[in-house]
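Topology and contacts: notes
Letter by letter, the chains look like this.
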Amino acid sequence: MLPDEALNLVAPKLASQVVREVGSYCKSRPRRNACLRKVLSHVPDSGDLVIIAHSLGSVLAQDLLYHLPSAVDVKLFITVGSPLGMEVSRNHLRRLRDR
């Protein structure tokens, strides 16, 4: 476990990097599409699915929910260290929902 002083030095840099990565993913349709195609190539056409995602992967996983085959039933969706609450993520997800 890191001492508080070390966390105070590291946390802002990590948060800044996550913000950049999430913004880049959300604002780049070609990047999102490439990521989704790669993940979807490993998703079955039907059946139960459990999704566990960390950090930027949780944004991709949320996108994935809009693109899953209709016969896939998501039984559990878990995110860890998720930036889904960030404004750029929320705006992106609203755009997907409202299309």
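Shown above is the structure to which this text applies.
Everything numeric in this text was worked out from a predicted model, so none of it was measured.

1. Notes on the overall build of the protein
The number of helices and strands found in the protein is four helices and two strands. Its helices and strands in sequence order give the protein the pattern α-α-β-α-β-α, from N to C terminus. Pairs at least 24 apart in sequence give 76% of the contacts found in the protein among residues at least 6 apart. When the accessible surface of the protein is split by element, carbon and sulfur atoms take 57% of a total near 6700 Å².

2. Section: the pairing of strand β1 (residues 47-54)
Strand direction decides the pairing type here: β1 and strand β2 (residues 72-80), joined by eight bridges, are parallel. By the bridge assignment for β2, Leu 49 is matched with Val 74.

3. Things to note about the side chain of Arg 32
Considering the arrangement of structural elements, one finds Arg 32 in helix α2 (residues 29-40). Despite its burial, Arg 32 pairs with no opposite charge; the closest candidate is Asp 63, at 4.3 Å N-O. Contacts of Arg 32, omitting those with residues within four sequence positions, involve Tyr 25, Cys 26, Lys 27, Asp 63 and His 92.

4. Considerations on the environment of Arg 37
Within the secondary structure layout, Arg 37 lies in helix α2. By relative accessible area, Arg 37 is classed as exposed at 55%. When the C-alpha atoms of Arg 37 and His 67 are compared, they prove to be 9.7 Å apart, with 30 residues separating the residues in sequence.

Basis of the calculations
- Residues numbered from 1 in each chain as written.
- Predicted model: local features only at pLDDT ≥ 70, side-chain atom pairs only at ≥ 80, totals over all residues.
- Heavy atoms only, no water.
- Helix = DSSP H or I, 4+ residues; strand = E, 2+ residues; numbered from the N terminus.
- Contact = heavy atoms within 4.5 Å.
- Areas by Shrake-Rupley, 256 points an atom, 1.4 Å probe, with all protein chains shown as cover.
- Pairing = 2+ DSSP bridges.
- Buried < 20%, exposed > 50% of the residue type's maximum accessible area, 1.4 Å probe, protein only.
- Lys, Arg positive; Asp, Glu negative; His and termini not counted.
- Salt bridge = Lys/Arg side-chain N within 4 Å of Asp/Glu carboxyl O.

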